[in-house]
There are 2 protein chains.
Amino acid sequence: MSLLVLGTAALDTVKTPFGARREMLGGSAVHFSMSASFFTKIDLVAIVGRDFPKKYIKFLNSKNVILTSFVIEQGRTFRWKGEYTGDLNSALTLGTELGVLSIFNPKVAEHQRAIKNIFLANVDPDLQLSLLSKMRDPRLVGLDSMNYWIDHKKSSLLKLMKKVDIYVANDAEARSLSKETNLLKAAKCLRRMGPPIIIIKKGEHGVLVYSDDFIFSLPAYPVEKVVDPTGAGDTFAGGFMGYLTKVKKINGNALKKAVTYGIVMASFNVEGFGVERSSRVTLKDIESRLQRFRRIACF
Amino acid sequence: MSLLVLGTAALDTVKTPFGARREMLGGSAVHFSMSASFFTKIDLVAIVGRDFPKKYIKFLNSKNVILTSFVIEQGRTFRWKGEYTGDLNSALTLGTELGVLSIFNPKVAEHQRAIKNIFLANVDPDLQLSLLSKMRDPRLVGLDSMNYWIDHKKSSLLKLMKKVDIYVANDAEARSLSKETNLLKAAKCLRRMGPPIIIIKKGEHGVLVYSDDFIFSLPAYPVEKVVDPTGAGDTFAGGFMGYLTKVKKINGNALKKAVTYGIVMASFNVEGFGVERSSRVTLKDIESRLQRFRRIACF
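Novice: Tell me about the sheet that holds strand β3 (residues 19-26) of chain A, and please be specific about residues and values.
Specialist: Residues and elements named next belong to chain A. One open sheet accounts for four strands, arranged β3-β2-β7-β8; its pairing is mixed. Looking at which strands have only one partner, the edges of the open sheet turn out to be β3 and β8 (91-97). Each neighbouring strand pair of the sheet contributes to a mean axis angle of 15°, computed without reference to strand direction. Bridge count between strand β2 (residues 10-16) and strand β7 (residues 79-84): five bridges; the pairing is parallel. Directly across from Val-14, in β7, lies its bridge partner Gly-82.

Here's what the structure looks like:
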């Protein structure tokens, strides 16, 4: 089984209380891929400019990320600049440069159209719709978005929600789209918009999963030194979808276990800048942290 | 085994998006007792004025709360008036009338001095110190406080922390006292102030438990309709200390189970005004919600 992700590849400039990085490898689809690659073959659909450092291409290749539909186009790569202060729970965006993202028209190779598991990471919902329409017979489709699209492309987003199996949102996005403050009510409202499974990410407070048949609520893995939370949500989604793709089944138990892998992957992500920490862990590190998480959170 | 609690008994006037109540039964020690009474005999040490309604005395008696050291004094009962809006996560205090609380000098009967398990619910730390000094040979002492005492009676609070086994704080209090934003760091810092077990209540986000030997992080039980969160923290503490008193042991497993009972009791508390809901549940309701909580939160 393999997994295909559409989203952004970016050059991130980030400052946190623990340091700073200039133009490091980032983007929703990159964080997702890095995390999913521990569990499955991952096909990355994204666009970058000619200025995208070759070392990053080499790095992605070395992680078994398949770059067949990773387009290098004339122009500059999408850039994001942000800063975290205080408890590092939310980023202050200092600048965004769309670059080649503004001319992106995602395409996949003929053989990729048969891939059954798809994740539409955060990017313009019209691009997500366009990519999804090109897939032949999707079996499991996950969707992420952001407040900007909820505010500016709501009708496209709502159209998309009727076509996906899993909607992943953070708490602010879930509240904004549902207009409910209580997260359980918000999840129920999002469920009625289409997706049978709703996953609400609450940052340092963990994850709420809602479906007609079950609810899960899991805390985050407690991390003492959060160095850079950029990409934590995408890393969560990568672990989650990667695990589901690996085990080839979708039931309550598999979903719950997938969520725990997502939480563990996100906990590694926040311990370093960009993908510095999450790309260096081993399967043994992941399993050992999962065991510790079980001791911390199960009763 | 029995459990003794010192704290406030109050008349609460509360408004929330779901309605309002005037001068209903409240106070830290009352909420604690109501919850603990499901697990153990509970001795309530508090003061009220002559205006305290007889029906509330009758009610407490009917719940097997022992009122030997529940003092009715000339003067008015402590009153609190507050309002909750939005996501009901924090109360706006509209008024406080200390009444007889300002002349409170907590005493216990001779036979009560032998009680081994004690909870010092939120009240002036000097009263907590005074009560504790009267107990003969405490085995397990829990402590709660609030931001007001952290700001105004810090030295008494720090003195107290060296004498207790368990410190229970909400996230804002933990951050304020430790001057750490990361809650795991905050817990470690509070541990160094004395108490071997630190419990940080995060409201709708659950509970973090820290000791030298273990960490637990549990979500809250998901409640769709939070009617009135007043006393949720005290109700949590009552279930927690009540269960520990019942099982007569303190190890990692017992503590974890005690936390889950505390969470379940608190989830009932927030579903009604004051003690309206939490006082009406049955042991069967509690066990059945605990089973559901396990399905929701364990993996």
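Novice: Describe in detail the relation of the copies chain A and chain B, supporting the description with residues and values.
Specialist: Taken as rigid bodies, chain A and chain B are interconverted by a rotation of 180° and an axial shift of 0.0 Å, the fit giving an RMSD of 0.0 Å. What we have between these two chains is a two-fold relation. Residue by residue, 100% of the interface of chain A is reproduced at the interface of chain B, so both copies engage with the same surface.

Novice: Can you break down the pattern of salt bridges residue by residue, with the values?
Specialist: Summed over all chains, the structure comprises 30 salt bridges over all chains. When the shortest N-O distance is used, the salt bridge between Arg-79 of chain A and Asp-51 of chain A registers 2.7 Å. Taken together, the positions of Arg-79 of chain A in strand β7 and Asp-51 of chain A in the loop between β4 (41-49) and α2 (54-62) put the pair 28 residues apart, joining distant regions of the chain. Accessibility expressed as a relative area gives 11% for Arg-79 of chain A, which makes it buried. For Asp-51 of chain A, a relative accessible area of 27% corresponds to the partly exposed category. Among the salt bridges present, the one from Lys-188 of chain A reaches Glu-224 of chain B, with a minimum N-O distance of 2.6 Å. One end of the pair, Lys-188 of chain A, is in helix α7 (residues 183-192); the other, Glu-224 of chain B, is in the loop between β14 (215-218) and α8 (232-247), on a second chain. Here the salt bridges do not stand alone but share partners, grouping Glu-23, Asp-51 and Arg-79 of chain A into one network.

Novice: Before we move on, can you summarise the packing of aromatic side chains with the specific residues and values?
Specialist: Scanning the entire structure with this criterion turns up 21 aromatic pairs over all chains. Note that Arg-289 of chain B overlies the ring of Phe-268 of chain B, its terminal NZ or CZ placed 4.0 Å from the centroid.

Novice: Describe the nonpolar core, naming the residues involved and giving the relevant values.
Specialist: Ranked by internal contacts, the top residues of the largest apolar core, which has 111 residues, are Phe-70 and Phe-240 of chain A together with Leu-120 of chain B. Looking at this core element by element, the count peaks at ten residues for helix α9 (residues 252-269) of chain A. With residues near it in sequence (within four places) discarded, Leu-120 of chain B still touches Leu-6, Gln-128, Leu-131, Leu-132, Val-141, Gly-142, Leu-143, Asp-144, Leu-160 and Val-164 of chain B. Grouped together as the second largest cluster of nonpolar side chains are 72 residues, Met-34, Phe-38, Val-264 and Ile-286 of chain B included.

Novice: Describe in detail the interface of chain A and chain B, supporting the description with residues and values.
Specialist: If you look at the interface, chain A gives 33 residues, while chain B gives 33 residues. Interface area lost by chain A to chain B is led by His-205, Glu-224 and Phe-299 of chain A, which between them contribute 27%. On inspection of chain A and its partner chain B, the count reaches four salt bridges. At the boundary of chain A with chain B, the tally comes to 14 residue pairs in polar contact (both at pLDDT 80 or more). Counting residues per element, the ones that place at least two in the side of chain A that touches chain B are α7, β14 (215-218), α9 and α10 (283-297) of chain A. Top element by residues in the side of chain A that touches chain B is α10 of chain A. It accounts for six residues. When grouped by side-chain class, the residues that make up the side of chain A that touches chain B number 15 nonpolar, six polar and twelve charged.

Basis of the calculations
Residues numbered from 1 in each chain as written. Chains lettered and ligands numbered in written order. Predicted model: local features only at pLDDT ≥ 70, side-chain atom pairs only at ≥ 80, totals over all residues. Heavy atoms only, no water. Pairing = 2+ DSSP bridges. Helix = DSSP H or I, 4+ residues; strand = E, 2+ residues; numbered from the N terminus. Axes fitted to C-alpha atoms, helices over the stretch in contact; angles between N-to-C directions. Least-squares fit on C-alpha atoms with pLDDT ≥ 70 in both. Contact = heavy atoms within 4.5 Å. Salt bridge = Lys/Arg side-chain N within 4 Å of Asp/Glu carboxyl O. Buried < 20%, exposed > 50% of the residue type's maximum accessible area, 1.4 Å probe, protein only. Phe/Tyr/Trp six-rings, centres within 6.5 Å; stacked < 30°, edge-to-face > 60°. Lys NZ or Arg CZ within 6 Å of the ring centre and 35° of its normal. Core = buried A, V, L, I, M, F, W, Y, C linked by side-chain atoms within 4.5 Å. Buried area = accessible area lost by both parts, 1.4 Å probe. Polar contact = N/O pair within 3.5 Å; in protein donor to acceptor, adjacent residues only side chain to side chain. Nonpolar A, V, L, I, M, F, W, Y, C, P; charged D, E, K, R; others polar.

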